[in-house]
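Here is what each chain is made of, one letter per residue.
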Amino acid sequence: MRTPFRRPPVRPRPNKKNPMSIAENRRARFEYHIEEQYEAGLVLEGWEVKAIRAGQVQLPDGYVVIREGELFLIGCRINPLRTASTHVNPLADRTKKLLMSRADIRRLIGKVEQRGFTLIPLDLHYKNGRVKVQIALAKGKAQHDKRETEKKRDWEREKGRIMRHKVSGPAKD
């Protein structure tokens, strides 16, 4: 007897900039000055991998903490699928351990403790079939810096509109 056909989970639409991107923390670039970027692996449970493949992940409130020489991702919400196993108790806001080389972790610890930097996740993406997280060493922006960023973004948008109208509009003689 044949088993019924199962539909594969719906995959999230790929990001135009990075086709392997799963989730992006857009707010991070607005809130922080990004100094350096690092890539780290994630320790995930099976149900979390399934949920990530189905696009059930949110990253905007996430941050990275250092405990006993190890990095942990807090605030990354992975919503469990309804079809998760009955013997697993899925926690959406579970703290996830990050995997990096010991030398990189020591370098990050020094910068975070001495210079007042913070560690924030920028995005989740696939690399060679594994889920990776891009973390950044960042400093918070002041209110006037945020306003300046908004002005630049608005000007870029307006400039694009002006250029489209000039190109597509009728020639004036």
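You'll find the structure just up there.
Residues numbered from 1 in each chain as written. Predicted model: local features only at pLDDT ≥ 70, side-chain atom pairs only at ≥ 80, totals over all residues. Heavy atoms only, no water.

## Remarks on the overall build of the protein
Move 1: For the protein, the helix and strand inventory stands at four helices and nine strands.
Move 2: Scanning the protein from its N terminus toward the C terminus, one meets helices and strands in the order β-α-β-α-β-β-β-β-β-α-β-β-α.
Move 3: Per-residue burial for the protein yields a buried fraction of 31% across its 173 residues.
Move 4: Here the analysis covers contacts within the protein between residues at least 6 apart in sequence; of these, 69% occur between residues at least 24 apart.
Move 5: Surface accessibility of the protein: about 12700 Å² in total, with carbon and sulfur atoms responsible for 49%. (Helix = DSSP H or I, 4+ residues; strand = E, 2+ residues; numbered from the N terminus. Buried < 20%, exposed > 50% of the residue type's maximum accessible area, 1.4 Å probe, protein only. Contact = heavy atoms within 4.5 Å. Areas by Shrake-Rupley, 256 points an atom, 1.4 Å probe, with all protein chains shown as cover.)

## Overview of the pattern of salt bridges
Move 1: Scanning the entire structure with this criterion turns up eleven salt bridges.
Move 2: E36 serves as the salt-bridge partner of K111, at 2.3 Å between the closest nitrogen and oxygen. Note that K111 is positioned in helix 3 (residues 102–115) and E36 in strand 2 (residues 32–42), a separation of 75 residues in sequence.
Move 3: Linking R161 and E158 is a salt bridge whose minimum nitrogen-to-oxygen distance equals 3.1 Å. Remark: E158 and R161 occur in helix 4 (residues 143–168); sequence separation between them is three residues, near one turn of the helix. (Salt bridge = Lys/Arg side-chain N within 4 Å of Asp/Glu carboxyl O.)

## Digging into the packing of aromatic side chains
Move 1: Here the structure, examined in full by the defined rule, presents zero aromatic pairs.
Move 2: Sitting over the face of the ring of F72, R67 holds its NZ or CZ atom 5.5 Å from the ring centroid.
Move 3: Residue placement shows K139 over the ring face of F117; its charged tip is 4.9 Å from the ring centre. (Phe/Tyr/Trp six-rings, centres within 6.5 Å; stacked < 30°, edge-to-face > 60°. Lys NZ or Arg CZ within 6 Å of the ring centre and 35° of its normal.)

## Some points on the side chain of H125
Move 1: Mapped onto the elements of the fold, H125 is located in strand 8 (residues 118–127).
Move 2: For H125, a relative accessible area of 6% gives the class buried.
Move 3: Separated by 2.6 Å, the side chains of H125 and E39 make a polar contact. (Polar contact = N/O pair within 3.5 Å; in protein donor to acceptor, adjacent residues only side chain to side chain.)

## Description of unusual backbone geometry
Move 1: With a phi angle near 50°, E68 is a residue other than glycine that sits in the positive phi range.
Move 2: By the secondary structure assignment, E68 is in the loop between strand 4 (63–67) and strand 5 (70–74).
Move 3: Taking the relative accessible area as the measure of exposure, E68 reaches 83% and is therefore exposed.
Move 4: Unusually for a residue other than glycine, N128 sits at a positive phi of about 55°.
Move 5: Position of N128 relative to the elements: it lies in the loop between strand 8 and strand 9 (130–140).

## Some details on the pairing of strand 2
Move 1: Direction of pairing for strand 2 relative to strand 9: antiparallel, over a ladder of nine bridges. Bridge pairing in strand 9 places I34 opposite A138.
Move 2: Direction of pairing for strand 2 relative to strand 7 (residues 96–99): antiparallel, over a ladder of two bridges. Directly across from G41, in strand 7, lies its bridge partner L99. (Pairing = 2+ DSSP bridges.)

## Overview of the environment of L122
Move 1: Within the secondary structure layout, L122 lies in strand 8.
Move 2: With a relative accessible area of 3%, L122 lands in the buried category.
Move 3: Note: C-alpha distance between L122 and I135 (13 residues apart in sequence) is 5.5 Å.
Move 4: For L122, the residues in contact, after removing those within four places along its chain, are A23, E24, N25, A28, R29, I34, Q37, L59, Q134, I135 and A136.

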